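# Coordinates in review
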Amino acid sequence: MKALVISGGGSKGAFAGGVAQYLIEHEGKDYDMFLGTSTGSLLIPHLAANDIGKLYDVFTNVNQHTIFNINPFNVRKKGDREFVSINFLNTLVQFIKRKRTFGESKALRRHIKRNFTKEEFEKAKHQRDDLVVTVTNLSKNRVEYKSIKDYDYEEFCDWIWISCNYIPFMSLVKRNGHEYADGGLSSVVPIREAILRGATEVDAIILERENMDYNKVLGKNPFSLMISLFGHLSDQVEKSDIVKGKLAAVNKGVKLNLYYTPTKLTENSLIFNKKLMVKWWQEGYDYAEWRFHEFKANELKNTD
């Protein structure tokens, strides 16, 4: 059973889209199971429904208005670079309303329903062995994996949305008496879960460099520093997930192929820039071609 796993990574998901497109369309990979966290959860429903063209159009056109109905960020440009600062007015409104997050992402919930139709939901549900999104149950302090097999269309769209809610910048959601948020807070790359669900071959797209050989730019104000610190914690969870995934693959005799980003894509993956995402999609496609042939060459070398 073949599984495709896509990590969290915000706007860097465009790179994962390019990798997936190459593997599915050019190499003919027919995945039985799809697992995603955060931005990965946005990608896998369209991949499972086998509509990569639509996914490209939808994902590369995502912007701040697509995600936030209350945006906690101000984005300003200086040359080719974008800088992020706090939107004091919107965050003040949130405090006045006694909300616990700086922003609200209900616009993203509407966007998911508008672009992932009930027909596509039924197609993915019946043509694939499983489609799984990762969420964090903050009330129980645990990771949970939500399978398309267990929910109807409305419920599953909610879990996709919840998987993407990077608090405290996006919505905190209450379901069944529990409070939920972004799956990346507890499992960034659910490789081990794919293996536990029966995968015998896993392609995992990890939206970060394999080795960090650059200095991260820390925020110059408390708000941007918080973003940097959350990114650091996410990196630690990701590394732990990869180690667990590799160990599970060795123990179960599972073929595991890891696709990292070869370069640093962005300092802030919560900023969605169409020009950059189109560029990253193509880079992902080109990188997957090189990486796939590298895997093949290593296999031949090991059999000699």
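Residues numbered from 1 in each chain as written. Predicted model: local features only at pLDDT ≥ 70, side-chain atom pairs only at ≥ 80, totals over all residues. Heavy atoms only, no water.

### Notes on the pairing of strand E5 (residues 130–137)
- Summarising burial for E5: eight of the eight residues are buried, a large majority.
- The alternating pattern of E5 places Asp130, Val132, Thr134 and Thr136 on one face and Leu131, Val133, Val135 and Asn137 on the opposite face, and all of these are buried.
- Pairing between strand E2 (residues 33–37) and E5: five bridges, direction parallel. Counted as the bridge partner of Thr37 is Thr134 from E5.
- Relative to strand E6 (residues 142–147), E5 runs antiparallel, the two being bridged by six bridges. (Buried < 20%, exposed > 50% of the residue type's maximum accessible area, 1.4 Å probe, protein only. Helix = DSSP H or I, 4+ residues; strand = E, 2+ residues; numbered from the N terminus. Pairing = 2+ DSSP bridges.)

### A short note on the packing of helix H6 (residues 106–115) against helix H8 (residues 153–163)
- The N-to-C vectors of H6 and H8 enclose an angle of 130°; their axes lie 9 Å apart at closest approach. As the angle between them shows, H6 and H8 are arranged oblique. Relative to H8, the crossing made by H6 is right-handed. Of the residues in H8, those touching H6 at Lys106, Leu108, Arg109, Ile112 and Lys113 are Tyr153, Glu154, Cys157, Asp158, Ile160 and Trp161.
- For the contact of H6 with H8, the residue count by class is six nonpolar, no polar and five charged. (Axes fitted to C-alpha atoms, helices over the stretch in contact; angles between N-to-C directions. Parallel < 35°, antiparallel > 145°, perpendicular 65-115°, else oblique. Left-handed = near helix turned anticlockwise from the far one by under 90°. Contact = heavy atoms within 4.5 Å. Nonpolar A, V, L, I, M, F, W, Y, C, P; charged D, E, K, R; others polar.)

### Some details on the packing of helix H1 (residues 13–26) against helix H2 (residues 39–48)
- Closest axis-to-axis distance for the H1/H2 pair is 10 Å, and the angle between their directions is 30°. It follows that H1 is roughly parallel to H2 by the angle criterion. Crossing geometry of H1 relative to H2 is assigned as right-handed. In contact with Gly13, Ala16, Gly17, Ala20 and Ile24 of H1, H2 contributes Thr39, Leu43 and Leu47.
- Classifying every residue of the contact of H1 with H2 gives five nonpolar, three polar and no charged.

### Observations regarding the packing of aromatic side chains
- Tallied over the entire structure, the rule returns 17 aromatic pairs.
- Seen in terms of ring centroids, Phe95 and Phe102 are 6.3 Å apart; in terms of plane orientation they differ by 80°. Their pairing is edge-to-face.
- With relative accessibility at 17%, the residue Phe102 sits in the buried group.
- A network of ring pairs unites the aromatic residues Phe68, Phe73, Phe95, Phe102, Tyr166 and Phe169 as a single cluster.
- Residue placement shows Lys146 over the ring face of Trp159; its charged tip is 4.4 Å from the ring centre. (Phe/Tyr/Trp six-rings, centres within 6.5 Å; stacked < 30°, edge-to-face > 60°. Lys NZ or Arg CZ within 6 Å of the ring centre and 35° of its normal.)

### Observations regarding unusual backbone geometry
- Omega for the bond connecting Ile167 with Pro168 falls within 30 degrees of zero, at 10°, which places this linkage in the cis form.
- Summarising the element assignment, Pro168 is placed in the loop between H8 and strand E7 (173–175).
- Not every positive phi belongs to a glycine, and Asn50 is a case in point at roughly 60°.
- Within the secondary structure layout, Asn50 lies in the loop between H2 and helix H3 (52–60).

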